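# Chain and residue survey
Single-letter residue listing:
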Amino acid sequence: MFSREHIDRVLNAGGNVLTTDGDKIGSIGQVYADDNSGEPTFVTVKTGLFGTSESFVPLEGARVEGNDILVPYTKDQVKDAPRVAEDGHLEPGEEERLYAHYGMGGGTTYTDTDMSRETIGTTDRDTSARGADDAMTRSEERLRVDTEKQAAGRARLRKYVTTENVSQTVPVQREEVRLEREPITEENRGAAMSGPDITEDEHEVTLHEERPVVEKETVPVERVRLDKDTVTDDVTVQEEVRKENIDTDTDTGETRR
């Protein structure tokens, strides 16, 4: 809903009058207020080449979005509205013609007083007053993306001890007893007959064997350190940017972009 509190803001901001679908009808011209209550009832919309034509639009059912006024009427309906002189007040007959055009039953009669009109001063968007070249500047937003370095995590070296079984085969030797018998010959007869003829005797031989002996020693095997590599990833940045568009409205209804 458009109220008295909105008048100064939209007039000073130099906004536009849009349809409820967001289509631009024209720039805001003047706001007409009720003499008794001071509530805004009509707004004029500047259309045509360089805003040379103004059309009246009722503010009933209108709302403010940002610096713009959204009205529940089409662009053609506004442009085809009855032509009324912007002289600071509306005659009852002019008012009724406007209400009839927009399908409304009627409204409050206006008189020629200081409260009948709120006008745009230096914030008027009519480009004809801005310079002799009759040109306007079109601007748009551009994305400027940069990077910054920030900490993403920490890495550390930690040493711990584990135990595992190691198997290794080692050859070991041992001595075993083996009987050797040799016949009596001329060469060994003397040694064989040197003792008593019949006697008891024994002879002992020591047997040896090898057993594994395990020793452990600590030896350095490698050195480990932390290092950093820099990798590059592609990151897609999406952001909405605004840009201004310029079109030209003529009295013939032709629009040029």
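See above for the structure.
Now for a look at the structure at hand. (Residues numbered from 1 in each chain as written. Predicted model: local features only at pLDDT ≥ 70, side-chain atom pairs only at ≥ 80, totals over all residues. Heavy atoms only, no water.)

Here we come to the overall build of the protein. The number of helices and strands found in the protein is four helices and nine strands. Going residue by residue from the N terminus, the α and β elements of the protein occur as α-β-β-β-β-β-β-α-α-β-α-β-β. Every one of the 257 residues in the protein was classed for burial, and the buried ones make up 27%. A sequence separation of at least 24 residues applies to 60% of the contacts in the protein between residues at least 6 apart. Only carbon and sulfur atoms are counted for the fraction: they give 44% of the accessible area of the protein, which is about 21500 Å². (Helix = DSSP H or I, 4+ residues; strand = E, 2+ residues; numbered from the N terminus. Buried < 20%, exposed > 50% of the residue type's maximum accessible area, 1.4 Å probe, protein only. Contact = heavy atoms within 4.5 Å. Areas by Shrake-Rupley, 256 points an atom, 1.4 Å probe, with all protein chains shown as cover.)

Here strand β6 (residues 68-71) shows two buried faces, one formed by Asp 68 and Leu 70 and the other by Ile 69 and Val 71. Judged from the three bridges that link them, strand β1 (residues 16-19) and β6 form a sheet pairing that is parallel. The residue of β6 that forms the bridge with Leu 18 is Leu 70. Pairing analysis gives three bridges linking strand β5 (residues 63-65) to β6, with the strands arranged antiparallel. Residue pairing for β6: Val 64 is matched across the bridge by Ile 69. (Pairing = 2+ DSSP bridges.)

This next bit is on the pattern of salt bridges. Following the criterion strictly, the structure yields seven salt bridges and no others. Two residues, Arg 138 and Glu 140, come together in a salt bridge whose shortest N-O distance is 3.5 Å. When its relative accessible area of 43% is taken as the criterion, Arg 138 is described as partly exposed. A salt bridge links Glu 176 to Arg 174; the nearest nitrogen and oxygen atoms lie 3.0 Å apart. Across this residue pair, the class does not change: Glu 176 and Arg 174 are exposed. Here the residues in one salt-bridge network are Arg 138, Glu 140 and Arg 142, joined through shared partners. (Salt bridge = Lys/Arg side-chain N within 4 Å of Asp/Glu carboxyl O.)

A cluster of nonpolar side chains, namely Leu 143, Val 145, Val 235, Val 237 and Val 241, defines an oily patch on the protein surface of about 470 Å² accessible area. As for its placement among the helices and strands, Val 241 is situated in the loop between α4 (189-192) and β8 (248-249). (Patch = residues over 30% accessible without salt bridge, like charges linked within 9 Å, V, L, I, M, F, W, Y side chains within 5 Å.)

Take the environment of Asp 227 next. By the element assignment, Asp 227 lies in the loop between α4 and β8. Residue Asp 227 is classed as exposed on the basis of its relative accessible area of 70%. Linking Asp 227 and Ala 155, residues 72 residues apart in sequence, is a C-alpha distance of 9.9 Å.

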